[in-house]
Every structure is written in structure tokens, then in C-alpha cells.
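Commentary on secondary and tertiary structure
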Amino acid sequence: MNFTLKIWRQKNQNDTGKFETYEVRSISPDASFLEMLDVLNNQLVMEDREPVAFDHDCREGICGSCGMMINGRAHGKGRKQATCDVRMRSFTDGQTITVEPWRANPFPVIKDLIVDRTAFDRIMQAGGFISVRTGGVPDANSTPVRKENAEEAMDAAACIGCGACVAACPNSSAMLFVAAKVSQFALLPQGQPERKERVQKMVAQMDKEGFGNCSNNYACEAECPKGISVTHIARLNREFLLAKLT
Amino acid sequence: MNNIFAFYYSSIGKKVLMSLTGLFLIIFLTEHLVGNLLLFANDQGKMYEAYGDFLVSNPVIRFIEIFLFLGVLGHAILGVILWFKNRMTRPVKYKSFRLKDNATLASRTTIITGSVIGIFLYIHLKTFFIPSRFSAEKVSTYELVVKAFSNPWYDAFYLVALFLLGYHLRHGFQSAFQTLGLRNKTYTSFLDLLACIVWCLIPLGFAAIPIYFFFFHQAASTVIMGVH
């Protein structure tokens, strides 16, 4: 398959950046989007040009490293997939594909398609953890957890922190990410001691980083590669209100 | 006190204020609609006028009225502030951004539908509320209604504004419950049903009034024919 690629090129954070157009030929329909970019980069290196910088690690949809806007959609047009899961057969032969980095104030572009997502790390550092006494391993099942809670906590914990929720949101809101992290702890017994403190600190850090306000249009849920539900956002709101009011 | 300010300055705090004011306005709309149904009583507005007099003379209603004005202003101003604030979070825009694949039209257009409702409210208050409340001599609200709705342009604007109100409520009602943390798997289907009733029935109920007075009301027809 052949494609025309319009890719955002930006040397560094201070550069204004611009789109550049490239042609790639003879791409296998079974190649992943990142493999197609690898082909392009090989081509650029052969021509002694700067390859396109993009984040990637596991290439099997579990690390959350890769992420880009493909034709106006976070991680491409498919549902529940990271950029590395996108296959070239989902495009038409000869199609022009626009590739952009996540765009949000708290996610400054470092280079080309790579953005700085340490804002998420700082939110986690503000409260996305539990404090436990170190010591011997506790006996199995010594802390009972309701099956429903365990399942919902696991659903929330599936968040890989890729940032697609922010990228897909018209307000660049990080509510789905924060909601997933808060939910995961609020549903389990281990998260109870710091429950109120955690939600307030994480929301405060989220606001400090400059993410927007949630307007409940649920684009985040639609684009989340892990299908994290917006019911977690309702839980985050509930947790925050209860923590503030009680 | 510090806690209250901290709450307001948080992103969730502002959204909670939006939802509480929004729900308060929905309650008002319901009451307003139920009261206005007296216009259909076919008694030349006697019951409707009596209901209006009761509202004006009742100190409790006058007290609640202050909160109603604050609620409308708060909801509108905060809505605009949040909209501007949210626009500033993405200084470099996407070349291609297909939000419409992921979000409903109603959720993407609350600022537009809200603005039209704001203009509508200004005209509505100018036509009915200000003359009936602040005129030196007693004004018949029923006559105001009959006169205003005999104008087809006025009716058309009303119907457009009410359609947009429906759209605004379609997103706003469920959104308010989401922000208050009350949407979960147990309540979602019930809330969706309640939302349908709110965003469909309230605007339809209000829309019935101009339609009735333009097409079916006798006094209105005489005004149109120039007899009145």
C-alpha cells in the first residue's frame, strides 16, 4: 500500500514547528502504524535526513508510550487501541494521513510527535499511591475485597497513562486519567486510609498543571485504548465532593 | 471560608456550581411551565392573572426570585468563563480534530445553545416580566401574552430558542448528575429516562403556548385580522 503522510515536525520545545509531506510505498497491509513510520524513518536516514521522532516501547498496547493524533483521532479511528495496535489495512491505498502530536498546554512537544507527559507523573506523585508498612508478606485473603469492587478497580487500573483522554478532549481535561487512578484506590481496602487526602491532592495537582475542565462530552472514553468508563469520572467527582464536604 | 474558596477554584468545584445552578433552573422551568399551562384554561386569562398576582405578592416567591436571578447570572457567567478557560488549554490547534466522531452535537454546542437562550431570556423578560412588574399602572399579563404571540416572527424565534433549550438540556441534565457524582451503573438508565422527560417535555410544553395563541386563540385571530 502507498500513503502520503503529513507529519508534524518540530525540532524542540522552542521551535514553532510545521507539517512536512512524505510519500511511503509498498507498505504491507499487516504492518502496524509504527512499523510504517519505521519504514519512513529508514527512508529518511538513507536520504541523510532527520528521522521522525516518536515515542514507543512495548508495541503491544500495554505500555502507553506511543500516542499520536492520526487523521484527527487519538490513536487513530478504531476503538480500544493504542497507536501500535493500528494496522495499515484500516486505511485505504493512496490515502493522505495527517499525523500530529497530542496537543495540550500541559503536554509540551519535545520533538516532532513526542510530548512531555510528566504532568501525569506529578499528578501520581501528589497522591496516586498507598503508604504501607514494609515487612513480611501478608497472608493471602487476609484482606477481603468484594468481587465487584475488585473487578471495577482492575478496570480502572487498566489505564496505561497514554494521554489519549487529554488529546481527544476539546478542553484538554485529564479527568479520565485522574478518575481511573483515584477509582482504583478508592475501591480497594488498601486505598482507604489516604482516600480523602488523595483525591484532593490529585485534583489540585491536575488543576495546577493546567488541564481543562471536564464538560462531560465523553470523547475521552471513546478514545481510551483501554476503554476506561466515564463512570469513574462520576466517582472522582463524588470522592472529591465527599472529601471536601466531610 | 478558605475551603469554600479552594472548592470554587478547583475545576470540579466550578463544574459543581454549574450543575447546581443548572438543576435549580430546571426546577424553575418546570414550575414556570406548570403555571403557564393556566393560559390554556379558556377563561380569558382569569386564572393565569390570579396566579401572576399570587407570585408578585408572595414574599417567599420574591425572595426565591433573587436566587433565580443569581442562578441565571452565575450559570451564564461561569459557563462563559469555563469555555474561555478551556479554549486556552490548547494554544496550538489540531490541523485535523474529529471530535464529532466521539461526542454528541448537544455536548459540543452548549456554549452556542446557551448564548441563544441568553438572548431569548433578555427578549422574554423585556416582553413580559419588565412591563408586568415595573409599569406604573396595572398591566394584564394575559393581554401581553396574546399580543406578543400574535406576531409570527416572535413565535418563530420562540420556537427556535425552545428547540435549542431542548438541546441544551439534553446535554446539561445528564451532565449535572455526572458532575455531582450521581451517575453510575445503577442509576444511569433511570437518569437517562428522566433526562428524556426533561429535555423533550419542558421545551414541548413551552412551545405549545405560542403555537396555541397564534393558531387557535380567538383573541389572537382577531388581532391578526386587525379587528382588535
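Residues numbered from 1 in each chain as written. Chains lettered and ligands numbered in written order. Predicted model: local features only at pLDDT ≥ 70, side-chain atom pairs only at ≥ 80, totals over all residues.

1. Description of the overall build of chain A
Our working definition: Numbering of helices and strands runs from the N terminus; a helix is a DSSP stretch of H or I covering at least four residues, while a strand is a stretch of E covering at least two. In this scheme the burial state of a residue depends on its C-beta neighbours within 10 Å: 20 or more other such atoms mean buried, 12 or fewer mean exposed, and anything in between means partly exposed; the C-beta positions come from the backbone.
Helix and strand counts for chain A come out as eight helices and seven strands. Considered along the principal axes of its C-alpha atoms, chain A spans approximately 60 × 35 × 35 Å. Counting over 246 residues, chain A shows a buried share of 46%.

2. Description of the overall build of chain B
The condition is simple: By definition, residues are in contact whenever their C-beta atoms, placed on the basis of the backbone, come within 7 Å of each other.
Within chain B, the secondary structure is distributed over 10 helices and zero strands. Tracing chain B from N to C terminus, the helices and strands come up as α-α-α-α-α-α-α-α-α-α. Here chain B holds 228 residues, and 28% of them are scored as buried. Partitioning the intrachain contacts of chain B with sequence separation of at least 6 by distance along the chain shows that 77% fall at a separation of at least 24.

3. A look at the interface of chain B and chain A
To keep it simple, the criterion reads: Only Asp, Glu, Lys and Arg are considered charged in this grouping, and only Ala, Val, Leu, Ile, Met, Phe, Trp, Tyr, Cys and Pro are considered nonpolar; every other residue, Gly among them, is considered polar.
Tallying the contact residues gives 35 residues for chain B and 38 residues for chain A. Within the residue set of the side of chain B that touches chain A, elements represented by two or more residues are α1 (2–9), α2 (11–36), α4 (59–87), α5 (105–108) and α8 (152–179) of chain B. In terms of residues, the side of chain B that touches chain A owes the most to one element, α2 of chain B, which gives five residues. Here the residues of the side of chain B that touches chain A sort into 11 nonpolar, 14 polar and 10 charged.

4. Focus: the domain arrangement of chain A
Residue and element names in this part refer to chain A. Quick note on the threshold: Domain delimitation follows an automatic or database domain assignment.
Here the domain parsing of chain A yields domain 1 (3–100) and domain 2 (117–245). Distance between the C-alpha centres of domain 1 and domain 2: 30 Å. At the junction of the two partners, domain 1 supplies 12 residues and domain 2 supplies 10 residues. Considered class by class, the residues forming the side of domain 1 that touches domain 2 number five nonpolar, five polar and two charged.

5. A closer look at the sheet that holds strand β1 (residues 3–9) of chain A
Residue and element names in this part refer to chain A. Threshold: Two strands are said to pair when DSSP picks up at least two bridges between them. What counts as an axis is a line fitted to C-alpha atoms, over the stretch in contact for a helix, and the angles between N-to-C directions run from 0 to 180 degrees.
With mixed pairing, five strands are arranged side by side in an open sheet as β2-β1-β5-β3-β4. A single partner strand is all that each edge strand has here, and the edge strands are β2 (18–24) and β4 (73–74). For strand β3 (residues 69–70) and strand β5 (residues 96–100), the ladder comprises two bridges, and the chain directions are antiparallel. The partner of Ile70 across the bridge, within β5, is Val99. Across the sheet, helix α1 (residues 33–46) touches β1, β2 and β3, and the angle it forms with β2 is around 90°.

6. Thoughts on the pairing of β1 of chain A
Residue and element names in this part refer to chain A. With seven bridges connecting them, β1 and β2 associate as antiparallel partners. Its bridge partner being in β2, Phe3 is matched across the sheet by Val24. As defined by bridge partners, β1 adjoins β5 across four bridges and the pair is classed as parallel. When the sheet's bridge partners are listed, Leu5 is paired in β5 with Ile97.

7. Topic: the nonpolar core
Threshold: Here a nonpolar core is just a set of buried residues of the types Ala, Val, Leu, Ile, Met, Phe, Trp, Tyr and Cys, joined wherever their C-beta atoms sit within 7 Å.
Of all hydrophobic cores here, the largest spans 72 residues; its most connected members are Cys165, Val166, Leu176, Val178 and Cys220 of chain A. Two domains share this core, each providing at least three of its residues, namely domain 1 (3–100) and domain 2 (117–245) of chain A. Discounting chain neighbours no more than four positions away, the residues touching Cys220 of chain A are Cys165, Ala168, Cys169, Leu176 and Val230 of chain A. The next biggest cluster of nonpolar side chains, apart from the first, holds 15 residues, and it includes Ala106, Leu169, Phe173 and Ile202 of chain B.

8. Here we look at the environment of Trp199 of chain B
Residues and elements named next belong to chain B. With respect to the helices and strands, Trp199 occurs in helix α9 (residues 188–216). The exposure class assigned to Trp199 is buried, which follows from the 22 C-beta atoms found within 10 Å. Other than its neighbours up to four places away in sequence, Trp199 contacts Gly166, Leu169, Arg170 and Phe173.

9. Here's the deal with α9 of chain B
Cut-off, in case you're wondering: The length a helix should cover is 1.5 Å for every residue beyond the first.
With 29 residues, α9 of chain B should reach 42 Å at 1.5 Å per residue; the first-to-last C-alpha distance of 40 Å fits that figure. Among the residues making up α9 of chain B, those that are buried are Val198, Trp199, Ile202, Pro203, Ile209, Pro210 and Phe213 of chain B.

10. Some remarks on the environment of Val39 of chain A
Residue and element names in this part refer to chain A. Note that Val39 resides in helix α1. For Val39, a count of 16 C-beta atoms within 10 Å corresponds to the partly exposed category. The spatial distance from the C-alpha of Val39 to the C-alpha of Arg117 is 26 Å, given a sequence separation of 78 residues. Those residues in contact with Val39 that lie beyond four places of it in its chain are Val24 and Ile27.

11. Re the packing of α2 of chain B against α9 of chain B
Residue and element names in this part refer to chain B. Going by this rule: Crossing handedness is defined as follows: a turn of the near helix away from the far one that is anticlockwise and smaller than a right angle gives a left-handed crossing, while the clockwise case is right-handed.
Direction vectors running N to C along α2 and α9 enclose 35°, while the axes themselves pass 10 Å from each other. The element α2 and its partner α9 pack so that their crossing is left-handed. Contacts between α2 and α9 pair Ile26, Leu29, Thr30, Leu33 and Asn36 from the former with Val198, Ile202, Gly205, Phe206 and Ile209 from the latter.

12. Concerning unusual backbone geometry
Residue and element names in this part refer to chain A. One non-glycine residue, Asp48, lies in the positive phi region at around 65°. The residue Asp48 is located in the loop between α1 and β3 in this model. Despite not being glycine, His75 shows a phi value in the positive range, around 60°. With respect to the element layout, His75 can be found in the loop between β4 and β5.

13. Points about the packing of helix α2 (residues 118–127) of chain A against helix α6 (residues 195–209) of chain A
Residue and element names in this part refer to chain A. What counts is decided by this rule: Between 65 and 115 degrees an angle is taken as roughly perpendicular, under 35 as roughly parallel, over 145 as roughly antiparallel, and anywhere else as oblique.
Remark: α2 packs on α6, axes separated minimally by 8 Å, with the N-to-C direction vectors making an angle of 155°. In terms of axis orientation, α2 runs roughly antiparallel to α6. As α2 packs across α6, the resulting crossing turns out to be right-handed. Of the residues in α6, those touching α2 at Ala119, Arg122, Ile123, Ala126 and Gly127 are Glu197, Arg198, Lys201, Met202, Gln205, Met206 and Glu209. Grouping the amino acids of the contact of α2 with α6 by side-chain chemistry returns five nonpolar, two polar and five charged.

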